[in-house]
Amino acid sequence: MSSAVLSTALTAAGISAEVSDEAFGVLARVAACDIAGALMALRDGDGAFALLVDLFATDTGDELEVTYHLRSFARDEDAYVRLVVQYDAEVPSVWRVYPAALYPEREAAELFGLTFPGHPNPKRLLTTDEVELPLLRKSTPIRTNEEVHDR
Amino acid sequence: MTDPQLPQACILPEGESPTPVLPRGLRRVPRGVDELATEHLIVNMGPQHPSTHGVLHILLELDGEEIIAAEASLGYLHRGIEKLAEHRRYNAVGTLLDRADYVSGIHTELAFAQATEQLMGIEVPPKALWLRSMFSEIVRITSHLVAIGTYGLDIGAMAPFLYIMRDREALLKVLESVTGARMMFNYVRPGGVLADLTPEAEPLLRQFLKTFPGYLDEYHTLLTGNEIFQARVKGIGVIDRATAIAFGMSGPPLRASGLGWDVRKERPYAAYDQLRFDVPVGADGDCWDRYFVRMEEMRISAELIEQCLDGMPEGEVSAKVPKVLKPPAGEAYSAVESPRGEVGIHVVSDGTDTPYRMHLKGPSLMNLAVVDEVMPGHKIADSVAIIGSLDIVLGEIDR
Amino acid sequence: MALDRFLGENSVIFTTTEALFDKARANSLWYLSYGIACCAFEGLMSAGGPKYDYDRFGIFHRGSPRQADVMIVAGTVNKKMAHALRKLYDQMPEPKWVIAMGACACTGGPFREYPNVVLGVDNVVPVDVYVPGCPPRPESMQYGFMQLQDKIRNRRKEMAREQRSA
């Protein structure tokens, strides 16, 4: 039911999306350039997804996934929107649609090496300049036992 | 002729001479203070500040006493819980998550245990579900007690803090006797909980429940009825419903803004579908409402603990789960209502014994983001009242 | 005077002023309220609370580093915090002491493998007393303070012994 809402809302806005029912919820896969339009359509369309619950990135090993977790109070439903980009790619900032994305975008930008063009305050959020980034990518190792013991 | 060393007038009309002749020993014209021109001042509040509840660093741009802009600078407690979880087995991740939201560790544990159970399809025995609910509520009271007590401390009321520490110790005694720890419980495990109630825990809890309504009245006398406290919090930091939704807030701050969304009601987990409780909702969304919602939630939590004690089913406290958990590949999201709001855990599994990716959705980060919006226009002393009313924990903001 | 109770009436003791001051210092350790993480609850908040009440030992919290003698490092110190920590330590007047509270401040604790975490606060400031535990109980912290008091009281003796042996 929710997947139908998602696909109609997205096609009405002229955005091609691949909507599927996953175990954790309804997931729409969109292209990175369409994300702001897609979220705008979902927020203002029939779905009325008024709340951005969360935004996070995942390193799949070959590329990065950015997931937007939306919630509709009117329909009492959750939905996920996901996009896949290359490393060091640009993902348009969605803060004009959901101001809640301001801090999570900065966090994802810093820890995964993404860029969010259009973000009003794209400073480093969590670490100082001496720390090598991006920390949360799979290619960044954690300290080994020897490093910890020879502190 | 006048003495060239001593000019007649050292303050020349503007435009007459680019470099006015100054008396010997002076480097600039003593104009005095222009009391009308004010310069904006940047004040660093934190990271070491008694009222920022941890290591929050807020940059305030001030025009005199008034806040023009505010920005939170985070990361003073960034210690890589999400990264380290990718290198820990499923049973050991709870240890890290306890320390994420260190005031109410049990809720983050519970969210992760539920996500793991979703991935593996584990059926949790009913007694474990009831124990989970009960301990969630016990920890909710300890967390709200801290929130209220330190809020009083921020506003300038020292006494409530001493009272809440007394009452918190009574609950910590129960928690210690059951889980073995005062703060970092690691009590909720995938499949159930660690242990049943100990023989001394139930009488202690019953005793606490008998005295707690009286304690709550004490707090109401000390804080709610305190005129100075009322003057400091009423009408301060108003977050209307639209702003709260736009910034993705949850928990008591969202409910104080008039939207009664509670994960316990809307997406029941543990034993909450079998418990009867109300969700307190505020009207104005100011600091006073956020404070009062917490006070009401404590009263309701005490009722819930009583319901859990009375209705506790018999049986096992944990399902049979393997020592090394290897969930099949997939993703799961699980949310619980922590004292601060919705704590969600998003786990991605690739079939090995460690999570491929674990993301903690902390409510404090979203609740904190609103300070940029709310603080401008307030006086600098109100910034403390606003931060305290949001009840943030830096452990889960920075992760 | 209180000394009369222990040494008899009108008694005289010979001591150096520094040793006398150290005895006084040991009994009024004002700590900087600088809670970083979880340990702040057990070490700093319980300290002010009624059950443990460190005030009995003259241990009381101060908001400003300029008024503090002891810094309790209660939590994980990462690279961003290390700068602030050092700044605060430098602002404290001499003589000053540091207690590393909890596994994180001692060695990095459960987060030692993350590259952003400092492996023990002794990489940033000199540490006098280490209190292990995750988090240590308030009783452990009391014991840590008593160890620090012993250390301060015997400071002159230790220095004299070192001079003799050198």
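Parameters at a glance
Residues numbered from 1 in each chain as written. Chains lettered and ligands numbered in written order. Predicted model: local features only at pLDDT ≥ 70, side-chain atom pairs only at ≥ 80, totals over all residues. Helix = DSSP H or I, 4+ residues; strand = E, 2+ residues; numbered from the N terminus. Contact = placed C-beta atoms within 7 Å. Buried ≥ 20, exposed ≤ 12 C-beta atoms within 10 Å, placed from the backbone. Pairing = 2+ DSSP bridges. Axes fitted to C-alpha atoms, helices over the stretch in contact; angles between N-to-C directions. Core = buried A, V, L, I, M, F, W, Y, C linked by C-beta atoms within 7 Å. Nonpolar A, V, L, I, M, F, W, Y, C, P; charged D, E, K, R; others polar. pLDDT = per-residue confidence, 0-100. Parallel < 35°, antiparallel > 145°, perpendicular 65-115°, else oblique. Left-handed = near helix turned anticlockwise from the far one by under 90°.

What to know about the overall build of chain B
Thought 1: Each helix and strand in chain B was counted, giving 15 helices and eight strands.
Thought 2: By principal-axis analysis of the C-alpha atoms, chain B measures approximately 110 × 50 × 35 Å.
Thought 3: Contacts in chain B between residues at least 24 apart in sequence constitute 70% of all its contacts with a sequence separation of at least 6.

Regarding the overall build of chain C
Thought 1: Check the secondary structure of chain C and you find seven helices and five strands.
Thought 2: The secondary structure elements of chain C, listed N-terminal to C-terminal, are α-α-β-α-β-β-α-β-α-β-α-α.
Thought 3: In terms of its C-alpha atoms, chain C occupies a principal-axis envelope of roughly 60 × 45 × 25 Å.
Thought 4: Here chain C, with 166 residues, has 46% of them falling under the buried criterion.
Thought 5: At a minimum sequence separation of 6, the contacts of chain C that also span at least 24 residues come to 78%.

Side note on the sheet that holds strand S1 (residues 30-32) of chain C
Residues and elements named next belong to chain C.
Thought 1: As summarised here, the arrangement of the five strands in space is S2-S1-S3-S4-S5, forming an open sheet in which the pairing is parallel. Taken across any chain shown, the strands that pair with only one partner, and hence form the sheet edges, are strand S2 (60-62) and strand S5 (129-131). Taken pair by pair, the neighbouring strands of this sheet meet at an average axis angle of 30 degrees, ignoring direction.
Thought 2: Note: strand S4 (residues 97-101) against S5, three bridges, orientation parallel. Considered in S5, the bridge of Ala-100 is made with Tyr-130.
Thought 3: Lying over the sheet, helix H6 (residues 138-153) contacts S4 and S5, oriented at roughly 170 degrees with respect to S5.

Re the nonpolar core
The nonpolar side chains of a soluble globular protein tend to be buried with one another.
Thought 1: Counting 215 residues, the largest nonpolar core has Met71(C), Val73(C) and Ile99(C) as the members making the most contacts within it.
Thought 2: Residue contributions to this core peak at 15 residues, all from helix H4 (residues 126-155) of chain B.
Thought 3: Beyond its immediate sequence surroundings of up to four residues, Val73(C) is in contact with Ile36(C), Leu85(C), Val98(C), Ile99(C), Ala100(C), Met101(C), Ala105(C) and Val121(C).

Looking at the interface of chain B and chain A
Thought 1: Contact with chain B, which involves 28 residues of that partner, is made by 24 residues of chain A.
Thought 2: The set of elements that each furnish at least two residues to the side of chain B that touches chain A consists of helix H1 (81-85), helix H8 (241-246), strand S6 (330-338), strand S7 (341-349), strand S8 (357-361) and helix H12 (363-369) of chain B.
Thought 3: Considering every element that reaches the side of chain B that touches chain A, the biggest residue donor is S6(B), with four residues.
Thought 4: Looking at the side of chain B that touches chain A residue by residue, the class counts come to twelve nonpolar, nine polar and seven charged.

Description of the interface of chain C and chain B
Thought 1: Opposite the 29 residues of chain C that make contact, chain B presents 26 residues.
Thought 2: Of all the secondary-structure elements, those providing two or more residues to the side of chain C that touches chain B are helix H3 (39-48) and helix H4 (79-91) of chain C.
Thought 3: Grouping the amino acids of the side of chain C that touches chain B by side-chain chemistry returns 16 nonpolar, eight polar and five charged.

As for H3(C)
Thought 1: The buried fraction of H3(C) amounts to nine of the ten residues, a majority that puts the element mostly inside the structure.
Thought 2: Along H3(C), the residues classified as buried are Cys39(C), Ala40(C), Phe41(C), Glu42(C), Gly43(C), Leu44(C), Met45(C), Ser46(C) and Ala47(C).
Thought 3: Elements that come into contact with the buried residues of H3(C) comprise helix H5 (159-179) of chain B together with S2, strand S3 (70-74), S4, helix H5 (102-107) and H6 of chain C.

Things to note about the confidence of the model for chain C
Residue and element names in this part refer to chain C.
Thought 1: Scored by pLDDT, chain C has a mean of 85; 98% of the residues are at 70 or more.
Thought 2: Highest mean pLDDT in chain C belongs to S5 (91); lowest belongs to helix H1 (residues 2-7) (74).
Thought 3: Here the prediction assigns the complex a pTM of 0.87, and the interface score ipTM is 0.89.

Section: the packing of helix H6 (residues 201-224) of chain B against helix H11 (residues 287-311) of chain B
Residue and element names in this part refer to chain B.
Thought 1: Put simply, H6 and H11 touch, their axes get as near as 11 Å, and they point 160 degrees apart. Here H11 runs roughly antiparallel to H6, going by the angle between their axes. Crossing hand, H6 versus H11: left-handed. Residue-level inspection shows Glu-202, Leu-205, Leu-209, Phe-212, Leu-216 and Tyr-219 of H6 in contact with H11, the latter providing Met-295, Met-298, Arg-299, Ala-302, Ile-305, Glu-306 and Leu-309.
Thought 2: When the residues that make up the contact of H6 with H11 are grouped by side-chain class, the tally is ten nonpolar, no polar and three charged.

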